[in-house]
Every structure is written in C-alpha cells, then in structure tokens.
Amino acid sequence: MSDDMVTFNVDGNEVSAPAGKLVIEACEDAGVYIPRFCHHERMNPVGMCRMCIVEVDTGRGPALQPSCMLTVSDGMIVDTQSDVTKKAQDGVLEFLLVNHPLDCPVCDKGGECPLQDQTMAYGPGESRFVEEKRHYEKPIPVNDNVYLDRERCILCDRCTRFADEVVGDPLIHFMDRGNQTQVNTFPDEPFASYFSGNVVQICPVGALTAKPYRFKARPWDLAEVDSTYPNAMGDRINVQSSRDQVLRFQGVDSDAVNWGWLADKERFSFEALQSDNRIGSPLMRGGGLNKADADGDELVAASWSQALGSAAKAIADTTPDKVGFVGGARLSNEAQYAWTKLAKGLVGTDNVDAQLGDELPPHALLGLPRATVAEACQPGGVIVLIGCDPKETLGTLYIRLRHAVVEDGAKLIEITPTDTGLTNVASASLRARPGEAGTVARALLAETVSGHIGGVDEDALATARDLLGSGPVTVVLGRGSLSESVDSVLEAADAFLDVDGVRFLQAIGRGNTMGALDMGMSPGLLPGRTSLAAGQDAFSDLWPQLPNSDGMNTAAMLEAGAAGNLDVLVLLGADPINDALDPAVAAKALATVPTVIAVDLFVNDSVSKAHVVFPAAAFTESSGSHTNLEGRITAIRQKVTPPGTARSDLVIAAELARRLGHDLGLETPSDVWEELGPRSAVHGDVSSAAIEADVDGVLITATGRVAFAPPDQAVSREPVNAYALRLVTARRMFDNGTMVQQSPHLAGFAGQASLRVNPYDFNRVGVADGEEVRVSAPKGSVNVAARVDPGVPKGIVVLDYNRSGADARVLLDPGATSIDIRLESKGGKA
Amino acid sequence: MSIPKITTARWDVEDGHTLAGYERTGGYSALKKALEMTPAEVHEEVKTASLLGRGGAGFPAGVKWGFCPPGVWPRYLVVNGDESEPGTYKDRIMLERDPHQLIEGCLLACYALGLSQCFLYVRGEMAHGQERVAAALNEAYEAGYVGKNILGTEVSVDVVLHWGAGAYIVGEETALIESLEGNRGMPRLKPPFFPAAIGLYGKPTIVNNVETLSNIPWIINNGGQAFADIGEAPSTGTRVFAVSGHVNNPGVFEVEFGTTTFRDLIMGEEYGGGIRNGGSLKAFIPGGASAPWFFEEHLDLPLEKGTVDRAGSMLGSGAIVVMDQTTDIVKACHNVVRFFSRESCGKCSPCREGTSWLEKILQRIIDGNGRRADLALLMDVCDNISPGIAWPPKQTTICPLGPSAVSPIASVIERFADEFDAYLGEPSTEQAVEVR
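Residues numbered from 1 in each chain as written. Chains lettered and ligands numbered in written order. Predicted model: local features only at pLDDT ≥ 70, side-chain atom pairs only at ≥ 80, totals over all residues. Heavy atoms only, no water.

Notes on the overall build of chain B
Of the regular secondary structure elements, chain B holds 18 helices and 10 strands. Expressed along its principal axes, the backbone C-alpha trace of chain B runs to roughly 80 × 45 × 35 Å. A buried classification covers 60% of the 436 residues belonging to chain B. Put simply, of all contacts in chain B between residues at least 6 apart along the chain, 69% involve residues at least 24 apart. Here chain B has roughly 16200 Å² of accessible surface; of this, 51% comes from carbon and sulfur atoms. Distance between charge centres in chain B, computed from 37 positive and 54 negative side chains, equals 5 Å. (Helix = DSSP H or I, 4+ residues; strand = E, 2+ residues; numbered from the N terminus. Buried < 20%, exposed > 50% of the residue type's maximum accessible area, 1.4 Å probe, protein only. Contact = heavy atoms within 4.5 Å. Areas by Shrake-Rupley, 256 points an atom, 1.4 Å probe, with all protein chains shown as cover. Lys, Arg positive; Asp, Glu negative; His and termini not counted. Charge placed at Lys NZ, Arg CZ, Asp CG, Glu CD.)

Here you go:
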C-alpha cells in the first residue's frame, strides 16, 4: 500500500482511501452514502447542516462528527448505522423540516429534492412540531431570473458559498440571526452575477428557482440526455425536455471541463432554441402569391426541392473560384467535415472560412503547443493571461482559473489593457497599453529592463518576473480588443515560446472554431490540421475537385463579393453584417452577390438578404460532436425534433451535394469518423464510440502540421498623443449575439453600449456620468454614454463591442496597431 | 492568610483607570521587570502560576500559550472582551476601572510569546469600557509602553482595538475571530479550526479572556509560585465572580479560587449578603446562563473547577445568578432558553431550529396550551441537540451554544415537575392523540 493511502473501517468493512479525503466522500467511494445537504464536492466544506453527522472513533471512543469536515485517518472506525448516528440524523432532519413549508405539491424541486428524498430515506415520517412555522414573503426575486423562497430554505450555505468562493460575486449572504436567519441580497443590490443560475441547480431544496423553468414541468415528466453546449469551453450539459420542448439545461460535472457549472448565458439560452423565430422551412426570395422569385423583396416559404434546386443551380452555373463559404463555427464537427468536403472536395473552391477575422488566426490556434484546461489550472502553476477577460467571454474557464488561483495556489499574471474579472485575484497585473502586449511580454521575459515599457513600469515587471519561475507556465491567449492589431498578441505569444515547457490555451469566442479548423474550414487547410498542399494525397482519392491554391478568407470574400467578383456566397450560421469587421463591405457584398445561400436557425440581418435559406437543426435537435478550445471532442446528442422541416447541417450538405450530382457518402456522424480517421494526422483515435464512451470525451493530443507564424517584425508603436485616448473594444457576456437576443430571459442584460473612462480623463471631458459623448477616430465617430470606471487606466477608454446604441466597428481600422480617439461632450467642448 | 486583591486592587482608586493612577499604584512595573527576563522565563512564570482561563472553559493559559505550531508566523494574540453571558459583568468593570492592567497583561503575553500584534475585541454594548480602554491605550502609546521599541528595547507590540457589533456568539473564540476578520460572527468547526493552529487570518492565534490577562502583571511581579500558593490547585489564584439575582447585595467580588464556597459567596455578609427579604434559595446558576443549575444541596461546594465539573455544572464565566422561592421555574427556564434562541447565530440546524423550537414549546406551556407529551418532547429535542444530555455536553451542533439552551431544561424538568404540571393542568382533561 502506498504511503498516501489510509485504511479505515466503515460499518464493519475495512476500506482504503487516499489520505486527506473527507470521510463523507471516502465512504461514498466505498459504497456507503451518508446523507448531506450543505456538502458539495466542488466547494469548501462548511459543516452547517449537520445531516452527515456520524459516529466516528479515532481511538478515543465513538463520537458524533460531521463527516464532511473530517478527513479519513488510519484505523478510523466510522459507524453510519449506529443508533446514536441514526438518532442524530433523524433529529437533524426533523429540525430542518420544522420550519419547512412542505409545499412540495407546488414546488419546482418536488421529485428531485434532496430534502424530500432524504426525508423518505432517513426521516421520522411525521412531525411533532405544532407551532406556527416561520413566514416570509414568497418568493422574492434576487435578480431577474432567480427567485428565492426563504420559507423553503434550509440555510445550507451552498448558494452563498458559490457566490463568494466559486465566482467571486458575494452578493447574497446570510442576514439576521437565530431562527430568523435568512439568505438575501443587500438592499437595492441584486444578485447580479453571470453565474446565478448555478445556485438554482445546487440548491438542495426548492428555495431557489429559475424564472425560465418555474412551473414548466415536473421532474418525473422530464426526459434527459447528456450533451455538450457548443460554446468554446464545450461545457457538458444535461438537456432536459418534456413533450418535445427543451425546458432546462443543467451543468454536468466533467472533471476536465466545467465541473458542473454553467454561465447564465448558456444555461438559459435554451429559450432561443424554442423561439417562434426559428426558421421552420426553406425560404426563398418571393414575389406575389408566395412564389419563389429571385428578384422578390421578401423571403417566403419554399419547398426543400425548390430551395436545393435553386442553390445547386447557382453553384453549378459558376466557376469554383467564384463560390465562397463563410462561417461554420456553430456546426458540429461532423457537419463541418461534410461542408468542407462539399466545398473543397466537390465544388472545388478553397474560399472557405469559418472565422470572421475577429479572432486569433488559424496558425495561432493550431500551431502553438496547446494546454488543456486542467494543465492551465494545475496547482502551483503560473497562468499568464494575455489580451482577454475570461469572465466576460468564457464563463466556466473563468471559474476554473479563479479556482486554480484562489484554492490551488496558482499564480496569475495579467497582461491586459484594463482590469479583468480576475484582477482581484491576480498576483500581478501588467496594464499593457493597447497594441503593446508584445512589447510588455518581451520586457517581462528579458533579464532586466528599465523605465516604462508599454505602459508598465520596471518594478511591476520585476514583481511579475519573480513569479514566472514558481511553476510551469501556461499562457491564456485571446484577442479581447479589436481596436489593436492581432500582431501585438501574436508577438506576446512568440515571446513566451522561449519559456521552457510553456503551453497555450487559446481563449476563442465562437463555439466550435477549433473543430472548424481541424475540419479544414479555413483557406489553405484540409481536415486533420494539415495544409492544402500537404494533405492532397490523403484526400485526393475521395475528393475529386481538390483546389490547388489557397482561397480567400472572410474579409477577402466579402471584398470580392462587394466588387462583383463572387457569384455564390454560402453563409453557414454566419452574420457578416453584424459580425464582420467592416459592416459596410459586408452589406455591399450581400447586396451584390447574385446568389446568397444561408444555412441558419434564425433570420438575422444577413440571412434576410439571402436568396435561398435552409433551416438548420440546433444542437439539441441533431447529434454529433464538438471540439472545445483545448481540442477535446465531446458528444452532442439530440433530444428533441427540429422545428418544421429543419434538418441537420450534415444532411443539408449531403442533400446539396446530391443535387450537384455527387454522393457525399456521409449520412451519420460515425460515417465522418470512419472516413476521416485514417486520413487525418490528428483524429486517428477518434470514433463515435470513443466520444460516446466518456463524459470527458476524447482529447486530441497529436499535433498537426500547421506552424505558428510570428509577426514579421516587432509591431511598430504609434507615439501616444497627449490629447488622445487609446481605444479598447471589449466583448461582454451579454451582447447582441443571436442566442442572447432570442432568449427572452437574457436579452434584457445586453443593454446599451457604454464607454468606460478613467475618472481622471472623465473629469477632463466635463460631462456627467452616463451622459452621451462623441468618440472620434480617424475612420469614423460614434455617440455613446460615458461612464466612470476606475478599473480603466488613465489614457485608455473601453467601448462595449456588439451592443446597441454604438457600433464600435465604425471606429476600427484593421491595419492599425492601435487606435487613438478624441472624446468630446456633445456640446462640442473638450 | 489574607488573600491579596490581584485583579481588582485598583477598583477603589479614583483615577486607577488613568496612566497616572496606574503607575502610582505600581503599574507597568511587571512590564519593566519582564523586559529584564527572557520571554521563556515569563512564559514559565505563567505556567507555574497554573492560571486557568477565566473565560468559561477554564483551560490553563500557560499551556494554551504553548500550542502554536512551531515555525508558523505571524501569530496573533486576541483578547476576548466580548463578555455577554447573562449574569456576567466582571470583564466590563475591569475594562472600565483598570484598563492599563489589561494592556500590561497583553504586553506581557506578547513578550512571552514573541508576538508583535494584539487585537483587543471589546463587546459592542460596553460603551464606557470602550472609552476607557481607548483612552488608556492612547496614554500607553504616548508613554512608550505600547508600539515600536517599547521602553527603548527591541520589543515592539501593537494593540488594535475592535468593537463588536452586538452578538452573544462572538464570545465564542472562533466566532470572535470571524468577526474580527470582518465576517459574520459564526463559529468555525473545531477541528480543524483550533485557533492556536488555524486562527485569525488562518494564522496561529492565542485567544485569552480579559480577566485571564489581567492576572499576568501580578504573576510577573510576585512570581508564579505566589499565585499558585493561593487557592486550591488546580484552581489557583483568585477569581472574580459576579453575583446577581435575588440576593441582598449583588455585585462583583474577588475571592480566593478553589476554597471559597458558593454559600460564602451567596450568603456571606461581605459578598452576596443572603437571599433578599429573608427568603430561601430555590436554585442558582453557578457559571453563567450556559451552566446547568445548582440547588440548595450544592451550596457547600467550593468554587473549584474540578469539583464543580464533577457535580455536573461549571464555573464558566464566573456569573452566579440566584433565584429565591418566589421564582416561577418554568418562566425562568423559558427566559434563559429564549436568550439562547435569540442569540443563536443560525449557522447549524440543530441550534437554529432546536433552540427556537424549545422556546416555542415552553411559551406554549406558559400560555396554558401545553400537552403532557410536551415534557417528553422537550427532552427529546434537547437530546437531539445534545445527545445523551450529559455533562460535559456532547453536541450535534458546531459550538456549545445549542447545548447551553438544554442546560436549564434538563436541570429543572424533573426536579420541578410539579410546577410544569401546574401549567399543564389536570391529566384527565387532555385530549389523547392517536399516534401510529
């Protein structure tokens, strides 16, 4: 037996467990379940509910001990069945029930309630309490989506610990004392957390309920399946439905990914998938009497036959170089392969790009040594956060990183232009001026530097440098701000490549971008993380039309489209009008290209300009798999049927191929892996069976043949103009994205765009907090409400991206290292 | 042998609370003497004195000081001045009348343990005590007794005052530490949170009571042995008791520890002066509201920790509450239970729900709505808070507050069954309830 195992006795059986394990968990591993309410395996023990109290003898005679606070030791004797134990547990359960309203018949939790279940299993069965129970107003909202019923609450501290310890939003707390103790928010401060839905999931009673689910179903009527939310983290979820309607997403505890947590943006977005705005049938340009008419003004319902025929004809009537495919990060891996095969293997064009030019380029996503989330979060490691704010964009990654720092002793060094959600736990925060992250990274890694580098002084650099040696380094790399050149982030990555054993975790935004790149949805790439040239041999036997030269990326396709040089543009879940960096070019392209084909869930601004629209099935409506930011492939499983005649993306590709005279040879997800596995340099271990087999899925560890391309030369820096402020654009958790806007309980959080300004700079402008100001950049100007934010350094302003009221893209200049703006009150005074 | 006044000597000195008055009466001489000794020698004197903690649990202070894990720094001294046990008001008077003695005691403890940071936590309601301690501390800083390089030596100690916000539970040391950290005053579970190992800010922390530390200057001046010679080992020295209730002369009295009896304290002319109006003793609480009650037959027990423990109660915080023959036992019992019910912090279920349930049952009995089965119910609820209802109590709770509410009920429910019966009415009038 190894040194770190101990042997103890539970209910007469000798069992062994790792030293340091809590008795409650060690017993559960040994098959003995001890009832509990406050204990949660992902949070620190607190020992409040006393339900898990058992008789434990450590050599000084048996004594009642809470098993959630006690670690196992050699020779310990645990008795979960003794009369003393049972009496105590019986008593605790009775105490928990004396003031519980027992309104189970109208309680959402009824049927899946730990209090109900444990009362059945361990409880006295009848009440001796004849006095009046505690009364509170019920329920009260703690925020827009979560209701709190204090009568049902058993004060287990789970929600309050979650808010404080797990996500760092300590906005709910115990109030009053004794029998009047209650959970509540502070006066006039709602529980404004991006993660509030988790408290509903972990509440062991029906005290916390979620508005989007309240009174919608009984647990025993729900059918469920484990699946993956196709966000960049690939959060594992349990999809629950009743009568073919998805009613709830619950987090699934995956060690590798989300530990059971979800951000509200994901948890409550099931509403979007049930929305009446979903497209239920193919659409085509129509004239009178709902007849398809390519010159018509409106989109009208059409048959699949009409739509497929029209789309296939448009593609067949032109040459491959005049066909472009934009988008695809929403799709499953399998659908991505099918569309890549259709575009590159059958149509023969390399004009395929799943990205919209607003994230890290493919070589930075595929060519850097990649870390898993667990590696990034390893105890004692060093996390370098460059250029992004995970709290706003990758909710569960934020939770994991925060845990690593707060609980596991990891050190966090930020190289970001402003405060992030992790700033208050960071060991060092280097406020690199926009465009100068690379310079700061090089200075950090240099032996010595003096003076100010990129806005950071030498002392701060020295402090951070001392931390670097304390453990293995992982760089969390993202492109948070679109107003600075991506080269500065790439330069920083290049600098860190010199660090021994460094690994990178790319904080991408769009869900299945990693899958899209692995499936070749990018100019110059083929499936299996290989280049067009290197992959020819593997695919030429199956793909008759393989292109010979690299095609256009999204920006080039839109330029070509606007210039009249594209005949067909296929939008795969893409909305260039709202997402491309140059909205004017995108709009012109969609107005100019003769045939725009869209595959989507909703009619967004770009889809509304399409000529043929195919309704696609969402991730709850078709099966497949998803690749997350660490390269982990997990299963997406169908739970409900798609609306109307919508079909899976894979089937749409296959049908379109058939109309083009080819058999794609792909009907089910497993067909894809059987075809791709032997041909891919990295997917050899992947099969549908392997993906299905493990909650943590299959992690791609093989490296491909795509090399990271550092910027040619050090990014040139514009001198800082004393009269100007440097612009940062920031993505927020809730924005005008389709899933948020189509979810009634999330849409309201997006709000209006605002400009956040340091108090010093703010005072110079001479406006009131919240008053509109004019932001002028060389390329354009917008009016936006300005707010004071001490988290923004002097000389910098932060403009929300993709929110209503101000389109930040008007100010952008993709070629510029950074963008300086002038700020004026609308009256014109500076 | 006449017993010296160790902690209350300056209570009759008009300006004893000022630095001038304190110095004039020998104040800070122990500090000067200690600075000539090694810290280990100071610690040794306290061990020799066998000074038992005066806060409630009665653990030897010198031994407690030795519990910090080696090599873990910083460490802190926390002074528990959150005296709030009903009937206890000795620390308050010490804070008001002789704050410098406490400060000197803190400095001596810090010196003995090599600490440089002391937190003095004073109960929120003790406004006058707070003023006096704050004024004294300012004087002591001014005079160089506290702060950097005390009296020109290399020794530096800072003392930080902190006022409580008015919660009884904060008298429990781990709850006090939580409160001091700025959190809600809720106790931590021991183990693992023994303050000497994981205390304030997660660091080793010694928590001592005001009276405990107020003894230290005398011990250093006169030697630990001189202290140990007073009283009956292990209850050495003197101890200050607060006598209240139905006595002729309620007050705070310093008496020899271990030898004086309850009868001396309650009936003695110089102390309690006997039961008021010539009445007779019905019951008394020997060590604060948490303690099981004593009666006539316990009067001749000495005020000695071991003896009282064996008799099934405790000296606790040194509060003796006397009840005469006019006392309604059920109401008195309800009164004490209500206190604990209201002061429960709400953290653990048995205390939060159990104490208020006990209070409600007692209230119902007093209101004339009691059932005979309620007596068994009371005892069973007590048993679920404190399994076995034994002394010292076992507990399903985190801290001893829950079992404290059990003490009065367990003390009286059988002995004064007739008084409960009087409230319950005739057995025959009771409606039988069929219970499956």
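Remarks on the sheet that holds strand S35 (residues 796–801) of chain A
Residues and elements named next belong to chain A. Taken together, 6 strands build a closed barrel; the order of strands is S31-S35-S32-S34-S33-S36 and the barrel is mixed. On average, each strand axis in the sheet is inclined to that of its neighbour by 45 degrees, with strand direction left out of account. As paired elements, strand S31 (residues 725–731) and strand S36 (residues 820–825) share 2 bridges and run antiparallel to each other. What sits directly across from Arg726, in S36, is Asp820. (Pairing = 2+ DSSP bridges. Axes fitted to C-alpha atoms, helices over the stretch in contact; angles between N-to-C directions.)

Some points on helix H7 (residues 127–142) of chain B
Residues and elements named next belong to chain B. Relative to the 22 Å expected for 16 residues at 1.5 Å per residue, H7 spans 23 Å between its end C-alpha atoms, a close match to the ideal helical length. Elements in contact with the buried residues of H7: helix H5 (90–97), helix H6 (99–113), strand S2 (117–122) and strand S3 (158–163). Once H7 finishes, Gly144 follows within two positions and takes phi at roughly 85 degrees, a positive value. (Expected span 1.5 Å × (residues − 1).)

Some words on the domain arrangement of chain A
Often, the extent of an interface is quoted as the loss of accessible area upon association of its parts. Structurally, chain A comprises domain 1 (5–97), domain 2 (366–507) and domain 3 (725–825). Here domain 1 of chain A and domain 3 of chain A have C-alpha centroids that lie 53 Å from each other. (Domains from an automatic or database assignment.)

Quick look at the sheet that holds strand S5 (residues 77–79) of chain A
Residue and element names in this part refer to chain A. Spatial strand order, S2-S1-S5-S3-S4: 5 strands in an open sheet with mixed pairing. Both outer strands of the open sheet, strand S2 (13–18) and strand S4 (62–66), are each paired with one neighbouring strand and no more. Ignoring strand direction, the axes of neighbouring strands in this sheet form an average angle of 35 degrees. Direction of pairing for strand S1 (residues 5–10) relative to S2: antiparallel, over a ladder of 6 bridges. Bridging across to S2, Val10 finds its partner in Asn13. In the packing of helix H2 (residues 83–98) onto the sheet, the strands contacted are strand S3 (53–57), S4 and S5, and the crossing angle to S3 comes to about 155 degrees.

So, the nonpolar core
Formed by 200 residues in total, the largest nonpolar core has its most connected members in Phe8, Ile386, Ile415 and Phe496 of chain A together with Trp293 of chain B. Filtering out sequence-adjacent residues up to four positions away, Ile386 of chain A remains in contact with Ile415, Ala437, Val475, Val476, Leu477, Gly478, Val489, Ala492 and Phe496 of chain A. One finds Ala311, Met519, Val640 and Ile652 of chain A within the second-largest nonpolar core, a separate group that totals 72 residues. (Core = buried A, V, L, I, M, F, W, Y, C linked by side-chain atoms within 4.5 Å.)

Looking at the interface of chain A and chain B
Between chain A and chain B, the residue contacts involve 35 residues of the former and 38 residues of the latter. For the chain A and chain B pair, buried surface summed over both sides reaches about 3000 Å², with 55% attributable to carbon and sulfur atoms. The largest contributions to the chain A side of the interface with chain B come from Phe95, Arg128 and Arg177 of chain A, which together make up 25% of the buried area. The interface formed by chain A and chain B contains 6 salt bridges. Residue Arg134 of chain A pairs with Glu353 of chain B through a salt bridge whose shortest N-O separation is 3.2 Å. Among the elements of the structure, S4, H2 and strand S8 (172–175) of chain A are those that each provide at least two residues to the side of chain A that touches chain B. For the side of chain A that touches chain B, the element with the most residues is H2 of chain A, which contributes 8 residues. Classifying every residue of the side of chain A that touches chain B gives 18 nonpolar, 7 polar and 10 charged. (Buried area = accessible area lost by both parts, 1.4 Å probe. Salt bridge = Lys/Arg side-chain N within 4 Å of Asp/Glu carboxyl O. Nonpolar A, V, L, I, M, F, W, Y, C, P; charged D, E, K, R; others polar.)

A word on the pairing of strand S13 (residues 245–251) of chain A
Judged by how many residues are buried, S13 of chain A sits mostly within the fold: 6 of 7 residues are covered. Between the antiparallel neighbours strand S12 (residues 236–242) of chain A and S13 of chain A lie 2 residues, among them Arg243 of chain A with a positive phi of about 50 degrees.

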